[in-house]
Amino acid sequence: MSRSVPSIHGQWSSRWAFILAATGSAVGLGNIWKFPYIAGENGGGAFVLVYLLCIACIGLPIMMAEVMLGRRGRQNPINSLETIAKDEQASPLWKYLGWSGIAAGFIILSYYSVIAGQAMAYIFRAFSGVFEGVTADGAENIYATLKQDPERLLAWHTLFMMITMTVVARGVQHGLEKTVRFLMPTLFLILILLVGYAASTGEYFNQAVSFLFKPDFSQLTSEGVLIAMGHAFFTLSLGMGAIMAYGSYLPKETSILQVSITIAIADTLVALLAGLAIFPLVFANDMQPSSGPGLIFETLPIAFGHIAGGEFFGGLFFTLLVFAAWTSAISLIEPAVAWLVENRNVSRRRACVYIGSSAWFVGLLTVFSFNIGSEWTLFGKTAFDLFDYLTANIMLPLGGLFIAIFAGWFMKQDSSTEELAITRPIFYHGWRILIRYVTPTAVVIIFLKGIGLLG
Ligand code: TRP
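Quick summary incoming for the structure in this document. (Residues numbered from 1 in each chain as written. Predicted model: local features only at pLDDT ≥ 70, side-chain atom pairs only at ≥ 80, totals over all residues. Heavy atoms only, no water.)

Right, let's get into the packing of aromatic side chains. The geometry of an aromatic ring pair is captured by the separation of the ring centres together with the interplanar angle, meaning the angle of the planes. With the rule as written, the count across this model stands at 27 aromatic pairs. With a centroid separation of 5.5 Å and an interplanar angle of 75 degrees, the aromatic rings of Phe-211 and Phe-283 are classed as edge-to-face. Taken together, the positions of Phe-211 in helix H9 (residues 203-213) and Phe-283 in helix H12 (residues 256-284) put the pair 72 residues apart, joining distant regions of the chain. Here Phe-211 falls in the buried class, since its relative accessible area comes to 18%. On the accessibility criterion, Phe-283 (15% relative accessible area) is buried. (Phe/Tyr/Trp six-rings, centres within 6.5 Å; stacked < 30°, edge-to-face > 60°. Helix = DSSP H or I, 4+ residues; strand = E, 2+ residues; numbered from the N terminus. Buried < 20%, exposed > 50% of the residue type's maximum accessible area, 1.4 Å probe, protein only.)

The next subject is the environment of Pro-335. Here Pro-335 lies in helix H14 (residues 310-343). In sequence terms Pro-335 and Trp-99 are 236 residues apart; their C-alpha atoms lie 9.6 Å from each other. Leave out the neighbours within four places in its chain, and Pro-335 touches Asn-76, Pro-77, Ile-102, Met-240, Gly-241, Ala-242 and Ala-245. (Contact = heavy atoms within 4.5 Å.)

The next point concerns the site of the ligand. Taken together, 17 residues lie near the ligand, and Gly-30, Tyr-112, Phe-234, Ser-237 and Ser-331 sit nearest. Ala-26 has a polar backbone atom sitting 3.0 Å from an oxygen atom of the ligand. Take Leu-29: an N or O atom from its main chain is 3.1 Å from an oxygen atom of the ligand. Contact with the protein chains covers 100% of the free accessible surface of the ligand, which is 360 Å². Taking a 2 Å distance to the grid points as the criterion, the majority of the atoms of the ligand fall inside the largest cavity. (Near = heavy atom within 4 Å. Polar contact = N/O pair within 3.5 Å; in protein donor to acceptor, adjacent residues only side chain to side chain. Areas by Shrake-Rupley, 256 points an atom, 1.4 Å probe, with all protein chains shown as cover. 1 Å grid on protein atoms, 1.4 Å probe; cavity = no way out; pocket = protein on both sides within 12 Å on 5 of 7 lines; lining within 4 Å. Sits in = over half its atoms within 2 Å of the grid points.)

Let's shift gears to the pattern of salt bridges. Tallied over the entire structure, the rule returns nine salt bridges. One salt bridge in this structure joins Glu-88 and Lys-412, with 3.6 Å as the shortest N-O distance. Taken as a pair, Glu-88 in the loop between helix H4 (77-87) and helix H5 (95-127) and Lys-412 in the loop between helix H16 (383-410) and helix H17 (413-420) lie far apart in primary sequence, 324 residues in all. Glu-88 sits in the buried class, given a relative accessible area of 6%. On the basis of relative accessible area, Lys-412 is assigned to the partly exposed category, the value being 39%. (Salt bridge = Lys/Arg side-chain N within 4 Å of Asp/Glu carboxyl O.)

Empty space among the atoms becomes visible once a probe the size of a water molecule is rolled across them. Volume-wise, the largest pocket comes out at about 260 Å³. Sorting the residues of the lining of the largest pocket by element identifies helix H2 (29-41), helix H10 (222-235) and H16 as the ones contributing at least two each. For the lining of the largest pocket, the element with the most residues is H16, which contributes six residues. Partitioning the lining of the largest pocket into residue classes produces seven nonpolar, four polar and six charged. Considering only enclosed or pocket space, the second largest pocket measures out at about 180 Å³ in volume. Lining the second largest pocket we find Tyr-143, Lys-147, Ser-291, Pro-293, Gly-294, Glu-298, Ser-369, Phe-370, Thr-382, Phe-384 and Asp-385. Every element with two or more residues in the lining of the second largest pocket is listed here: helix H6 (136-147) and H16. (Points joined across faces, edges and corners; volume = space filled by probe spheres on them. Nonpolar A, V, L, I, M, F, W, Y, C, P; charged D, E, K, R; others polar.)

Quick look at the structure:
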């Protein structure tokens, strides 16, 4: 039976509030910072195609499963899984799936805040006109100077984490809804403006379009496929319970299918627009698509340095990027905070301070991995690379896999029918086939091949 009581944290005021918050969680650094650079590192078109397939066949069904489980459990992911497992006569061990999600969210937050801090630093660089007339070399230098200075990175990382803690402390509805309502449309508009500028590069724009949309499968490795799948989880905020926690504040009558599709489409559009804004600049300036995590910081300033009003648009762009990162970071700590509040009788404010400051502390490793600690490696990866690989390519896909297995095999058909309440039977059965067979098989194969365990 689903719990008839709403969550103790309150409910979204409407379906739109949920869509905005979940889109706010989904759209973030993953779309604008990460997607372009991993697409660039993994050869473009074929990678993008696999990524899109993963969004549709793996991401979407798992998102529906997460929202459904959250709404049925009406608590933080750990307790929701425990309650539902009990109702369905499944093992109480399922609650540990919630724990691994909380751990993943915590690690992601630790480095997410460092990158968001870099975006914050860029707000000031853009507004103060540093980018005016900048060349590709100049832009690379500006980024290198920031990244190699541990004190600056630390200061921005600290500021970003403090702001995140403050917002989450105030609760889910206050502030968040209003911010996202203004943020999403404006971010969209600026991205379109940037794509417009990129289109003015003519042949380079065409080159970028074929780089992104003409699949060349010889460029794609098994690891690349794993990265594409991992990113589908990352960008939709899946596999760790964030969407489950948000789902627990969802009013009963909302269509889970509809909201999930809306969120996935919005998220994908933002990523593709970001790619279309960035790659023409990469080609026009003889830069490398595979230049890594600094890609947006090294390319977009060139655009802002050359368009009319570039200082203003540049400043606004990085401001919006920070807001987007912020609405994502909120969802990264929400499950852990909700758990502390519900189970340990801690006030919301304290819970935020505990989680935020511990994630801040772990984030120091990422801060140093860009400078004094760039030599500290494990399995040939710096702390930042390791955190990113471990979460996006291992923890999220495995978390998603178990969520799919739980929703598809351990939750009775009657329960998922009731909770999803999809009016057209064909859509419900389509979902169920995906979640029971397609999604788990695909995740297992891609995962094993990607880490090199399957030939
Ligand atoms: N989806 C966000 C982005 O693309 C990051 C994020 C927020 C996330 N919450 C998450 C990733 C939960 C994984 C799990 O920037």
